[in-house]
Amino acid sequence: MLPQGKFPKLLIALALLVAALQLLVLLTVRSPANRLFFTNTLDFSIVFLAALASFDAALRSPGYARQLWTLLAIALSLEALAQATTTYYQSFVPGSSQMPIPSDILFFVWTAPVAMMFLPAADEKSRGWDWRRILDFAQIAVLALTAYLYFFYSPSRWRVDSSNLPSQILILYLVRDSAISLGFFYRSRRSASPGLRSFSLGLGFVFLLASLSDADFLLTIKTALSAASWGDFLFLFPGLAVIFLAALWPRRGRESIVEPVSRFGDLTVTHGFPVVIPLLVLFMGRSLARDQMALAWLAIVASFVCSSIRLILTNRKQRRISDELLQTERALAHSEHLLSSAFRSSPDGFSINVFPDGPYLEVNDGFTRLTGF
């Protein structure tokens, strides 16, 4: 299958050009500072192109497929912002490898939209913004941000253990990307929708490549934080895989993704998230408050506010569904009464029987007058 449209073909050409430039920089540029700046810039370029390719695939896709591609595009946009911030700090801020920088948080939370792909889909019938979906995203982002602050952002920990924390963060990245990869591979095997199977299989390979990149950076941690390495070339492959997957994605109507049906997933999001996530944030916030009181309370308040609003919106939707079901039941009862009255009072003869030679189930008075039975 070949990419369709000029824009996907342009993205593939630009991605291959970025890969060639990255290879050229690693082979020819000798200055460590220039080499680091160029490789970081090219890494940002490939993630940015992957985000554009995902947005383009979202525009070409209907229904549930559009939701999945949009979530992936948002995630890659966050990763591109993280890579741009890293480029600035590593090239223009001395000693940045031995202190927490904003890009660490973005690299930690950029997969939050990807994690939302495993949740039930947003309501396509609702008009405007799906606020419950937005609140779910906010809850996952708050949880990921609080987890990062809890495990790695404590100033006291960076003063005592600044040499080991970067490797611990990379280990967490490796575990995270490997878990997401396994999740997509599992979904690709369990899904009955061909479109969802191919999409999940593609993202499974994307995050498998990301795991290999994390492992390479972990093994070369002593040089990777302050100098360019071949791990920067390996970093390009997940973005290249996303670009090719998006470019080869069929156009609208050619292949659709059917939303997986899971009552357990619906119950988990509806009743589990608003309770479990605020408790986890509260648990981590207590320890975080020793060093970052303002951040801890901000995370706790944000989580509980999101949870409360989510429960209110869920209650309103369930009440609206109950009202609609009650109105439907009343309308059916009214229709049944009208049909029954018309059947009974009609002067014409009506009968209900099983064809072709079945017994009579019901007859009206007009039938008995006409037939004498």
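Preceding this section is the structure that the text describes.
Cut-offs and rules
- Residues numbered from 1 in each chain as written.
- Predicted model: local features only at pLDDT ≥ 70, side-chain atom pairs only at ≥ 80, totals over all residues.
- Heavy atoms only, no water.
- Helix = DSSP H or I, 4+ residues; strand = E, 2+ residues; numbered from the N terminus.
- Contact = heavy atoms within 4.5 Å.
- Areas by Shrake-Rupley, 256 points an atom, 1.4 Å probe, with all protein chains shown as cover.
- Pairing = 2+ DSSP bridges.
- Phe/Tyr/Trp six-rings, centres within 6.5 Å; stacked < 30°, edge-to-face > 60°.
- Buried < 20%, exposed > 50% of the residue type's maximum accessible area, 1.4 Å probe, protein only.
- Salt bridge = Lys/Arg side-chain N within 4 Å of Asp/Glu carboxyl O.
- Axes fitted to C-alpha atoms, helices over the stretch in contact; angles between N-to-C directions.
- Parallel < 35°, antiparallel > 145°, perpendicular 65-115°, else oblique.
- Left-handed = near helix turned anticlockwise from the far one by under 90°.
- Nonpolar A, V, L, I, M, F, W, Y, C, P; charged D, E, K, R; others polar.
- Core = buried A, V, L, I, M, F, W, Y, C linked by side-chain atoms within 4.5 Å.
- Patch = residues over 30% accessible without salt bridge, like charges linked within 9 Å, V, L, I, M, F, W, Y side chains within 5 Å.
- Lys, Arg positive; Asp, Glu negative; His and termini not counted.

A look at the overall build of the protein
When you go through the protein residue by residue, the secondary structure sums to 15 helices and two strands. When contacts within the protein are restricted to residue pairs at least 6 apart in sequence, long-range pairs at least 24 apart make up 69% of them. With an accessible surface of roughly 20,700 Å², the protein has 67% of that area assigned to carbon and sulfur atoms.

Here we look at the pairing of strand β2 (residues 360–363)
Across three bridges, the pairing between strand β1 (residues 351–353) and β2 is antiparallel. Paired with Ser351 across the two strands is Val363, which belongs to β2. Between β1 and β2, which pair antiparallel and follow one another directly, the connecting turn spans six residues.

Brief notes about the packing of aromatic side chains
Counted according to the given criterion, the structure contains twelve aromatic pairs. With centroids separated by 5.2 Å and ring planes inclined at 85°, the aromatic side chains of Phe185 and Phe205 adopt a geometry described as edge-to-face. Highlighted residues: Phe185 in helix α8 (residues 165–190) and Phe205 in helix α9 (residues 194–219), separated in sequence by 20 residues. For Phe205, a relative accessible area of 44% corresponds to the partly exposed category. Taken together, Trp110, Phe118, Phe184 and Phe207 form an aromatic cluster joined through their ring pairs.

Topic: the pattern of salt bridges
Here the structure, examined in full by the defined rule, presents two salt bridges. Of the charged contacts, one joins Arg60 and Asp56 as a salt bridge, the two residues approaching to 3.0 Å between their closest N and O atoms. Across the pair, exposure class does not vary: Arg60 and Asp56 are buried alike. In this structure, the salt-bridge partner of Arg176 is Asp177, at a minimum N-O distance of 3.0 Å. You'll find Arg176 and Asp177 in the same group, each marked buried.

Notes on the packing of helix α2 (residues 32–59) against helix α3 (residues 63–92)
For the pair α2 and α3, the least separation of the axes is 8 Å and the interaxial angle reads 165°. By the angle between their directions, the pair α2 and α3 is classed as roughly antiparallel. Crossing of α2 against α3: the hand is left-handed. Residues that form the contact of α2 with α3 fall into these classes: 18 nonpolar, ten polar and three charged.

Examining the nonpolar core
Across soluble globular proteins, you tend to see nonpolar side chains buried next to one another. Counting residues in hydrophobic clusters, the biggest one holds 66 residues, and the most contacted among them are Ile46, Trp69, Leu72, Met117, Leu203 and Ile243. Apart from residues lying up to four places away in sequence, Met117 is in contact with Tyr64, Leu68, Leu71, Leu72, Phe184, Arg187, Phe199 and Leu203. Within the second largest apolar cluster, five residues are counted, among which are Val142, Ile277, Val281 and Ile300.

Re a nonpolar patch on the surface
Residues Phe7, Leu10, Leu14, Leu17, Leu21, Leu24, Phe48 and Leu52 make up a contiguous nonpolar surface patch of roughly 670 Å² in combined accessible area. When residues of the nonpolar patch are traced back to their parent elements, those giving at least two are α1 (6–28) and α2. Top contributing element to the nonpolar patch by residue count: α1, with six residues. Relative to the assigned elements, Leu17 resides in helix α1.

Side note on the packing of α8 against α9
Close contact between α8 and α9 brings their axes to 8 Å; oriented N to C, the two are set at 160°. Comparing their axes, α9 and α8 come out roughly antiparallel. Remark: the crossing between α8 and α9 carries left-handed chirality. Looking at the contact of α8 with α9 residue by residue, the class counts come to 17 nonpolar, seven polar and four charged.

Topic: the side chain of Asp232
For Asp232, the position within the fold is in helix α11 (residues 230–234). Salt bridges are absent for the buried Asp232, whose nearest opposite-charge side chain, Arg35, sits at 7.5 Å. Every residue in contact with Asp232, bar those within four places of it in the chain, is listed here: Gln22, Thr39, Asn40, Asp43 and Phe217.

A closer look at the environment of Tyr64
Positionally, Tyr64 belongs in helix α3. Assessed through its relative accessible area of 6%, Tyr64 is described here as buried.

So, the environment of Asp232
Residue classification places Asp232 among the buried residues on the basis of a relative accessible area of 5%. In sequence terms Asp232 and Phe217 are 15 residues apart; their C-alpha atoms lie 8.6 Å from each other.

By themselves these figures say nothing about function.
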